[in-house]
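As a plain string of letters, each chain reads:
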Amino acid sequence: MSDIKISIVIPTYKEVQNIPLICEQVSSSLDGQSFEIIFVDDNSEDGSCEAVKNISDRIPARIIVRTEERGLSTAVIRGIEEAKGKYVVVMDCDLSHPSTAIQPMVEKLETNQNDFVVGSRYIQGGSFDDDWGFFRLLNSKIATWLALPLCHIKDPMSGFFAFEREKFETCAHLTPAGYKIGLEIMVKGDFNTPGEHPIHFKDREHGESKLSLKEQFLYLRHLRRLYKFKYPTVSEFAQFGIVGGTGFIVDSLIYFALQLYFGLGHNLSRAISFWPAATWNWFWNRTITFTDRKKTHHVTQWLSFITTSLAGFAMNFGTYTVLTSYVPFFIEHKFSALIIGVLVGMGFNFMMARIFVFKP
Ligand code: GDD
């Protein structure tokens with residue numbers, strides 16, 4: 001059993017200028033505490049190893065250099081796996097996270113106030129440099145809003161977080177992608193009382209951010225996986241609904257094109273446009289919504305999807321007809337009946353897709 005109290009895990013890529021500075025800052029913030037700093041570097045070849053070595057006789061810091069793998073999230077996982085402290089704190093190397101917050105964050109864990117603590121820009125007392133442009137702020141806010149239902153934390157995007165190391169074992173099936181490893185650990189681990197500590201997020205002075213557009217797309221894919229993990233049915237239904245919405249657009253475009261450019265009538269256009277739209281829906285549900293289901297033969301699956309879609313359409317149309325023929329309220333409010341018909345048809349299609357078409 002190690003007597004190290006706090007392991008600070010820092011992923012690095014080309015941070016040679018920041019390494020000595022963060023070591024000094026952490027060391028002075030944790031004066032008198034037993035701690036270790038673990039850098040996980042992706043073979044920067046910029047002198048990072050030497051920088052850590054030069055400082056390691058005064059400050060307990062070491063560096064793990066990875067040559068086979070790359071990426072912030074997997075680097076963080078590697079660091080946590082190598083950590084020996086009772087508590088793990090993950091932070092960036094670029095000095096944007098104040099090391100003075102480490103101690104109060106760990107205190108929240110020690111006193112059982114929280115079992116996961118995020119260094120937060122967005123709670124009272126938290127802040128960031130005020131030269132963030134409109135688009136950077138909007139980007140950060142949208143990314144944050146998208147993650148809020150997953151964790152009830154105001155700054156789920158933060159790369160500064162702390163938890164008790166033993167709890168890492170409770171994180172089931174991590175699928176790290178992009179930058180948001182803190183969010184994934186919080187969502188997948190057995191954390192019941194996550195909380196936040198206000199920080200001032202300072203823009204980096206040395207080196208460059210590696211947050212690219214690609215990372216932002218990876219974030220969306222990652223979010224999809226996390227929603228699927230936390231709310232499997234709701235997330236399938238939402239994806240099924242989004243695919244259905246795009247299918248409706250395909251259906252309408254073809255329907256109008258057939259009438260406008262080929263002079264076909266309403267019924268024939270309707271009957272033709274159904275097929276490409278249903279095929280579109282089948283393809284994207286196979287590719288996105290139900291990716292983890294059994295991969296049955298394309299033609300068989302397409303046929304069963306078309307069959308259940310036709311049945312769903314009949315349910316939709318039947319509901320509308322019955323409501324507008326026999327229920328006085330809906331005779332007056334046909335649009336409401338139409339919406340109910342669509343929902344009934346969609347609910348039916350969803351159930352059939354889950355149970356019969358895309359078998360578990
Ligand atoms: N090992 C390794 N491999 N480290 C990496 C890699 C990589 O591929 N990419 C980035 N890092 C390290 C950087 O060296 C830095 O220490 C830290 O990860 C954060 O990377 P930055 O590229 O500086 O991120 P950022 O400042 O743009 O983004 C920060 O803010 C976001 C919220 O606005 C990070 O803290 C994010 O985690 C945070 O979500």
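Structure first, text after, so check above.
Every chain begins its residue count from 1, and numbering advances along the sequence as written. At least 70 in pLDDT is required for a residue's local features to be given in this predicted model, at least 80 for side-chain atom pairs to be given and counted, and no such filter applies to totals for whole chains, interfaces and linings, which use all residues. Each side-chain value is worked out from all heavy atoms of the structure, with water and hydrogens disregarded.

Undergrad: In this structure, what is going on with the overall build of the chain? I would like to understand it.
TA: In terms of regular secondary structure, the chain is built from twelve helices and nine strands. For 360 residues, the compact-globule estimate of 2.2 N^0.38 gives 21 Å, and the C-alpha radius of gyration of the chain, at 27 Å, exceeds that figure by more than 25%. Counting only C-alpha atoms and orienting by the principal axes, one finds that the chain spans roughly 85 × 45 × 40 Å. Partly exposed residues are those whose accessible area sits between 20% and 50% of the maximum for their type, while under 20% is buried and over 50% is exposed, using a 1.4 Å probe and protein chains only. For the chain, the residues scored as buried account for 44% of the 360 residues in total. Any two residues whose heavy atoms approach within 4.5 Å at even a single point are treated as in contact. When contacts within the chain are restricted to residue pairs at least 6 apart in sequence, those whose partners lie at least 24 apart make up 74%. Exposure was quantified through the Shrake-Rupley algorithm and a 1.4 Å probe, taking into account, for residues, occlusion by the shown protein chains and nothing else. Summed over its atoms, the accessible surface of the chain is roughly 18,900 Å², and 63% of this surface lies on carbon and sulfur atoms. Only DSSP runs of H or I covering at least 4 residues are called helices, and only runs of E covering at least 2 are called strands; the numbering of each starts at the N terminus. Just to be clear, the radius of gyration here is over C-alpha atoms, and the globule rule we use is 2.2 Å times residues to the power 0.38.

Undergrad: Got a minute to help me understand the site of the ligand in this structure?
TA: In the neighbourhood of the ligand, 24 residues make up the surrounding shell, with Asp92, Met157, Lys180, Ser209 and Lys210 lying closest. In the environment of the ligand, an oxygen atom lies 3.2 Å from a nitrogen or oxygen atom belonging to the side chain of aspartate 94. Nitrogen and oxygen atoms within 3.5 Å of one another constitute a polar contact, given that in protein one can donate a hydrogen and the other can accept it, and given that sequence-neighbouring residues count only through two side-chain atoms. Contacts to the ligand include arginine 204, whose side-chain N or O atom sits 2.7 Å from an oxygen atom. For the ligand, the accessible surface in isolation is 740 Å², of which the surrounding protein chains cover 93%. Among the secondary structure elements, those contributing two or more residues to the shell around the ligand are strand S1 (6-12) and helix H3 (72-82). Only Asp, Glu, Lys and Arg are considered charged in this grouping, and only Ala, Val, Leu, Ile, Met, Phe, Trp, Tyr, Cys and Pro are considered nonpolar; every other residue, Gly among them, is considered polar. Of the residues belonging to the shell around the ligand, the class tally is ten nonpolar, five polar and nine charged. By convention in this text, a residue qualifies as near a molecule or strand provided that one of its non-hydrogen atoms is within 4 Å of it.

Undergrad: Just to check I follow, could you spell out the packing of helix H8 (residues 232-262) against helix H9 (residues 266-289) for this structure?
TA: Every axis in this analysis is a line fitted to C-alpha atoms, fitted for helices over the stretch in contact. Angles between the N-to-C directions lie between 0 and 180 degrees. Closest axis-to-axis distance for the H8/H9 pair is 8 Å, and the angle between their directions is 150 degrees. Considering the angle they form, H8 stands roughly antiparallel to H9. Classified by chirality, the crossing of H9 by H8 is right-handed. Here the contact of H8 with H9 is built from residues that sort into 13 nonpolar, eleven polar and three charged. Angle categories are assigned with fixed cut-offs, so that under 35 degrees is roughly parallel, over 145 is roughly antiparallel, 65 to 115 is roughly perpendicular, and the rest are oblique. Handedness of a helix crossing follows the sense of rotation of the near helix relative to the far helix, less than a right angle counterclockwise being left-handed and clockwise being right-handed.

Undergrad: Explain H9 to me, please; I cannot follow it from the model alone.
TA: A turn of α-helix holds 3.6 residues, and therefore any two residues three or four places apart point the same way. To get the bend at any residue, fit one axis to the seven residues that end at it and another to the seven that begin at it, then take the angle between the two axes. Residue phenylalanine 274 marks the point of greatest curvature in H9, where the axis turns by about 25 degrees; the proline proline 276 follows within four residues. Considered for burial, the residues of H9 that qualify are Ser269, Ser273, Phe274, Ala277, Ala278, Asn281, Trp282, Asn285, Arg286 and Thr289. Here the buried face of H9 lies against helix H7 (213-230), H8 and helix H10 (298-326).

Undergrad: Sorry, what's going on with the pairing of strand S2 (residues 35-41) here?
TA: Regular strands have side chains that alternate between both faces of the sheet. In terms of residue burial, S2 counts as a mostly covered element, since seven of its seven residues are buried. Across the two faces of S2 the burial is the same, with Phe35, Ile37, Phe39 and Asp41 and Glu36, Ile38 and Val40 all buried. Throughout, right-handed denotes a crossover for which the path from the first strand over the helix to the second runs clockwise when the strands point away from the viewer. Handedness of the β-α-β unit built from S1, helix H1 (residues 18-29) and S2 comes out right-handed. One bridge is not enough; two strands pair if DSSP finds at least two bridges between them. Pairing analysis gives five bridges linking S2 to strand S3 (residues 61-65), with the strands arranged parallel. Looking at S3, one finds that isoleucine 37 is bridged to alanine 61.

Undergrad: Help me understand the sheet that holds S3 in this model?
TA: Strand-to-strand pairing in sheets goes through backbone hydrogen bonds, with the strands running parallel or antiparallel. Reading across the sheet, the seven strands line up as S3-S2-S1-S4-S7-S5-S8 and stay open at both edges, with mixed pairing between neighbours. Sheet topology places S3 and strand S8 (194-198) at the edges, where each strand pairs with a single neighbour. The average angle at which neighbouring strand axes cross in this sheet is 20 degrees, direction not considered. With three bridges joining them, strand S5 (residues 116-120) and strand S7 (residues 161-164) adopt antiparallel strand pairing. Along S7, the bridge assignment pairs valine 118 with phenylalanine 161. Here H1 sits on the sheet in contact with S1, S2 and S3, set at roughly 160 degrees to S2.

Undergrad: Would you take a moment to explain the nonpolar core for this structure?
TA: A general tendency of soluble globular proteins is for nonpolar side chains to be buried together. By convention a nonpolar core is built from buried Ala, Val, Leu, Ile, Met, Phe, Trp, Tyr and Cys residues, the set being connected through side-chain atoms within 4.5 Å. Membership of the largest hydrophobic core comes to 33 residues, with the highest contact counts inside it found for Ile80, Phe116, Phe161, Phe163, Leu183 and Ile185. Going through the elements one at a time, S2, H3, strand S4 (87-90), S5, helix H5 (134-151), S7, helix H6 (181-188) and H7 are the ones with two or more residues in this core. Sort the elements by how many residues they give to this core and H6 lands first, with five residues. Ignoring anything within four residues of it in the chain, the contact list for isoleucine 185 reads Ile80, Phe116, Phe161, Phe163, Phe168, Cys171 and Phe191. One finds Ile22, Met91, Ala101 and Ala162 within the second-largest nonpolar core, a separate group that totals 30 residues.

Undergrad: Quick question: what am I supposed to make of unusual backbone geometry here?
TA: The phi angle of most residues is negative, glycine excepted, and most peptide bonds adopt the trans form. In this structure, lysine 14 takes a positive phi of about 55 degrees despite not being glycine. Topologically, lysine 14 is positioned in the loop between S1 and H1. Among the residues examined, lysine 14 registers a relative accessible area of 41% and is labelled partly exposed. The phi dihedral of asparagine 112 falls on the positive side, at around 60 degrees, and the residue is not glycine. Residue position: asparagine 112 is located in the loop between helix H4 (102-110) and S5. Asparagine 112 sits in the exposed class, given a relative accessible area of 64%.

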